[in-house]
Amino acid sequence: MSKQREEVQAVVWRENQLCLLDQRVLPGREVYLEYTAVAAVAEAIGDMVVRGAPAIGITAAYGVVLAARARYAQSAVEWQTLIEADLQTLASSRPTAVNLFWAIGHMRELIATLQGDPEPALLAAAKKIHTDDIAACRRMGELGAALIERPCNILTHCNAGALATGGYGTALGVVRAGFAAGKIRHVYADETRPWMQGARLTAWEMVQENIPVTLQTEGAAAYLMKQGKIDWVIVGSDRIAANGDVANKIGTYGLAVLARHHGVKFMVVAPTSTVDMNIVRGEDIPIEQRSPEEVLFLAGQPIAAAGAAAWNPAFDVTPAALVDAIVTERGVLLAPDAGKMVAMMENA
Ligand code: MRU
């Protein structure tokens, strides 16, 4: 058997700077880009150098550290006021993953309490957000795997793995734990147009760890389920509303409808930093619209008839009624609803 490699790290703090694995060029090249300025960090989030809700939040927290360093050097008296513009820049990088706003909010609260050089305290807070996320992923991995009763095949969408988190992954954390426990035999991964997170990132993570993975186009999912090849759909989330509705990569809602039709179970795995109790229902979650060019071009080459328009929502919303289980680090909600969500979030 080939050697199993350590899980990859998407976000690394090294030698006083932020290093991001450039996910746009994976799996062909493994390149870490270095950041010392907050504006470039915000750009990296918008441009998909780093992506995946928890990883975006962690990156933003380190971005705040870089911002504080620069603002404190600019004015040791006014830095707490000046940094607000940087927090706004980070917050405008992507709209759907609430982990971004959660992490910025957490850092903002700390900023208000600081005196003297802010960097040590802010860096410690960012590192804690990072390590807490890895711990949450490991816990969710155990909880999610425990829901799977017998060795089975799963289908996942996009990439909710080590690359999308502090490490280990949400949906792919369940896959890692489930595979180690002999409960998952095979992973089917949607290629996930237009950024191909399934083909480029999920398949790459699985191959590194010798977990059997088969790719298919999104359009093949229905036929795969019809043939009885899938027992669970397991996905991550970018934002979960107070009623249990779930925003995730465009195409997730379609999978949930298909899963219900074919009697396949549907599991959403996300830390509580992805839960937004201020959003009452899924329809109110802001959905990112990305450039039509991402659909009209593939790897820099035009693929559509000249003159065609393209619609490119990055996420959709799956109603709670189609979700069999939401797994967070605080526990499992079967058939999630507003009451169960409140009970879980109050149980800190
Ligand atoms: O556009 P992306 O690649 O940032 O979208 C990512 C997803 O939709 C993931 O499923 C989600 O963020 C959960 S990651 C643990």
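Residues numbered from 1 in each chain as written. Predicted model: local features only at pLDDT ≥ 70, side-chain atom pairs only at ≥ 80, totals over all residues. Heavy atoms only, no water.

To continue, consider the packing of aromatic side chains. Enumeration over the complete set of coordinates arrives at 2 aromatic pairs. A centroid spacing of 5.4 Å and a plane angle of 15 degrees characterise the contact between Trp13 and Tyr62, whose relative ring orientation is stacked. Of this pair, Trp13 sits in strand S1 (residues 11–14) while Tyr62 is found in helix H2 (residues 53–74), placing the two residues 49 residues apart along the sequence. Residue classification places Trp13 among the buried positions, given a relative accessible area of 14%. (Phe/Tyr/Trp six-rings, centres within 6.5 Å; stacked < 30°, edge-to-face > 60°. Helix = DSSP H or I, 4+ residues; strand = E, 2+ residues; numbered from the N terminus. Buried < 20%, exposed > 50% of the residue type's maximum accessible area, 1.4 Å probe, protein only.)

The angle between the axes and the distance between the axes are what describe a pair of packed helices. One way to put it is that helix H5 (residues 119–147) packs onto helix H6 (residues 171–180) with a least axis distance of 7 Å and a crossing angle of 65 degrees. Crossing hand, H5 versus H6: right-handed. Contact residues: Met140, Gly141, Glu142, Gly144 and Ala145 in H5; Gly173, Val174, Ala177 and Gly178 in H6. Of the residues in the contact of H5 with H6, the class split is 4 nonpolar, 4 polar and 1 charged. (Axes fitted to C-alpha atoms, helices over the stretch in contact; angles between N-to-C directions. Left-handed = near helix turned anticlockwise from the far one by under 90°. Contact = heavy atoms within 4.5 Å. Nonpolar A, V, L, I, M, F, W, Y, C, P; charged D, E, K, R; others polar.)

Turning our eyes to something else, we now look at the domain arrangement of the protein chain. Split into domains, the protein chain comes out as domain 1 (3–134) and domain 2 (141–346). On a C-alpha basis, the centres of domain 1 and domain 2 stand 24 Å from each other. On the side of domain 2, 34 residues touch domain 1, which itself brings 34 residues to the contact. Of the roughly 2800 Å² buried at the junction of domain 1 and domain 2 (both faces included), carbon and sulfur atoms supply 54%. Considering only the surface of domain 1 that becomes buried against domain 2, Glu7, Arg51 and Thr96 emerge as the three largest contributors, covering 22% of it. Summed over the shared surface of domain 1 and domain 2, the result is 1 salt bridge. We note a salt bridge from Arg94 to Glu288, for which the minimum N-O separation is 2.8 Å. Taken together, the links from domain 1 to domain 2 amount to 16 residue pairs in polar contact (both at pLDDT 80 or more). Those elements that place two or more of their residues in the side of domain 1 that touches domain 2 are H2, helix H4 (98–111) and H5. When the residues that make up the side of domain 1 that touches domain 2 are grouped by side-chain class, the tally is 17 nonpolar, 8 polar and 9 charged. (Domains from an automatic or database assignment. Buried area = accessible area lost by both parts, 1.4 Å probe. Salt bridge = Lys/Arg side-chain N within 4 Å of Asp/Glu carboxyl O. Polar contact = N/O pair within 3.5 Å; in protein donor to acceptor, adjacent residues only side chain to side chain.)

Cis geometry is adopted by the peptide bond preceding Pro27, which originates at Leu26 and carries an omega value of 0 degrees. Positionally, Pro27 belongs in the loop between strand S2 (17–21) and strand S3 (32–35). Residue Pro194 is bonded to the preceding Arg193 through a cis peptide linkage, with omega at 0 degrees. Turning to its location among the elements, Pro194 is positioned in the loop between strand S5 (184–190) and helix H7 (197–208). Phi is positive for Met48, which is not a glycine, with a value near 75 degrees. Counting through the fold element by element, Met48 comes out in the loop between helix H1 (38–46) and H2.

Now for the site of the ligand. Of all residues adjacent to the ligand, which total 18 residues, the nearest are Arg51, Arg94, Gln197, Asn248 and Lys249. One of the side-chain N or O atoms of Gln197 is found 2.8 Å from an oxygen atom in the ligand. Side-chain polar atom of Asp238 to an oxygen atom of the ligand: 2.9 Å apart, as the coordinates give it. Calculation on the ligand without its partners gives an accessible area of 410 Å², and the protein chains cover 99% of this total. Among the secondary structure elements, those contributing two or more residues to the shell around the ligand are H2 and strand S9 (246–249). The residue makeup of the shell around the ligand, split by class, is 7 nonpolar, 7 polar and 4 charged. Counting residues domain by domain, the shell around the ligand receives three or more from each of domain 1 (3–134) and domain 2 (141–346). (Near = heavy atom within 4 Å. Areas by Shrake-Rupley, 256 points an atom, 1.4 Å probe, with all protein chains shown as cover.)

Ordered by their spatial adjacency, 7 strands build an open sheet running S6-S5-S4-S7-S10-S15-S16, and the pairing between neighbours is mixed. Each edge of the sheet is formed by a strand with only one pairing partner; in this case those strands are strand S6 (213–216) and strand S16 (331–334). The mean angle between the axes of side-by-side strands here comes to 25 degrees, regardless of whether they run parallel or antiparallel. Strand direction decides the pairing type here: strand S10 (residues 265–269) and strand S15 (residues 325–328), joined by 3 bridges, are parallel. (Pairing = 2+ DSSP bridges.)

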